[in-house]
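# Inside the fold
The residues making up each chain are set out below.
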Amino acid sequence: QVQLVESGGGLVQPGGSLRLSCAASGSVFTINAMGWYRQAPGKQRELVAAITNGGSTNYADSVKGRFTISRDNAKNTVYLQMNSLKPEDTAVYYCNADEVYYVDYDGDHLRRGMDYWGKGTLVTVSS
């Protein structure tokens, strides 16, 4: 019923920029918080940035001042602008929506789903 579709990953040189997008598809009514997580080989998945429905943001210390998270509620889309990229930013980036309200198949009922994840998009920072 609801899926998160990510785009924007790829190969970029150190110091470069990249913008990730994540759109929630389906009959979405509203989404609470959305965020970006990343996981590098041999490491646990970590929160990179999160944003509430009201626009409050939170960032991992490692990306503060370099990354910016934003969202377009009308499009049910969250973005991650990544600047001054470093090799240590290399990871698979995952989009998350913690709480989603969506219209049921019959179109008459509003339902709530929790903890949606995208499939991930690979970001590689290398020369």
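A brief report on the enclosed structure follows. (Residues numbered from 1 in each chain as written. Predicted model: local features only at pLDDT ≥ 70, side-chain atom pairs only at ≥ 80, totals over all residues. Heavy atoms only, no water.)

Summing up its helical and strand segments, the protein has zero helices and twelve strands in all. When the helices and strands of the protein are read in sequence order from the N terminus, they spell out β-β-β-β-β-β-β-β-β-β-β-β. Its C-alpha atoms give the protein a radius of gyration of 15 Å, within 12% of the compact-globule value 14 Å for 127 residues. Along the first, second and third principal axes, the C-alpha atoms of the protein reach 50 × 25 × 25 Å. The proportion of buried residues among the 127 residues of the protein is 42%. Of the contacts made within the protein by residues no fewer than 6 positions apart, 55% connect residues no fewer than 24 positions apart. Of the roughly 6,800 Å² of accessible surface on the protein, 46% is carried by carbon and sulfur atoms. Distance between charge centres in the protein, computed from 12 positive and 12 negative side chains, equals 7 Å. (Helix = DSSP H or I, 4+ residues; strand = E, 2+ residues; numbered from the N terminus. Rg over C-alpha atoms; globule rule 2.2 N^0.38 Å. Buried < 20%, exposed > 50% of the residue type's maximum accessible area, 1.4 Å probe, protein only. Contact = heavy atoms within 4.5 Å. Areas by Shrake-Rupley, 256 points an atom, 1.4 Å probe, with all protein chains shown as cover. Lys, Arg positive; Asp, Glu negative; His and termini not counted. Charge placed at Lys NZ, Arg CZ, Asp CG, Glu CD.)

Inspection of the sheet shows strand S1 (residues 2-7) paired to strand S3 (residues 18-26) by six bridges, in the antiparallel sense. Bridge pairing in S3 places Ser-7 opposite Ser-21. Relative to strand S9 (residues 77-82), S3 is paired through six bridges, and the arrangement is antiparallel. Paired with Cys-22 across the bridge in S9 is Val-78. (Pairing = 2+ DSSP bridges.)

The next thing to look at is the state of the cysteines. By the definition in use, this model includes one disulfide. The residue that forms a disulfide with Cys-22 is Cys-95, at a sulfur-sulfur distance of 2.1 Å. Across the S-S bond of Cys-22 and Cys-95 the torsion is about -85°, and the bridge reads as left-handed. Placement of Cys-22 in strand S3 and of Cys-95 in strand S10 (residues 91-103) is noted, with a sequence separation of 73 residues between them. Here Cys-22 and Cys-95 have matching classes, each one buried. (Disulfide = S-S within 2.5 Å.)

Attention shifts here to the sheet that holds strand S8 (residues 67-72). Judged by pairing direction, the sheet is antiparallel, and its four strands sit side by side in the order S1-S3-S9-S8 without closing on themselves. The sheet is open, and its two borders are formed by S1 and S8, each paired with just one other strand. Ignoring strand direction, the axes of neighbouring strands in this sheet form an average angle of 15°. (Axes fitted to C-alpha atoms, helices over the stretch in contact; angles between N-to-C directions.)

Turning next to the pattern of salt bridges. Under the defined criterion, the tally for this structure stands at six salt bridges. Measuring nitrogen to oxygen at the nearest pair gives 3.0 Å for the salt bridge that ties Asp-89 to Arg-38. Residue Asp-89 is found in the loop between S9 and S10, and its partner Arg-38 is found in strand S5 (residues 34-39); the two are separated by 51 residues along the sequence. A single burial state applies to Asp-89 and to Arg-38, both of which are buried. A salt bridge links Asp-104 to Arg-111; the nearest nitrogen and oxygen atoms lie 3.6 Å apart. Look at Arg-111 and you get partly exposed, because its relative accessible area is 42%. (Salt bridge = Lys/Arg side-chain N within 4 Å of Asp/Glu carboxyl O.)

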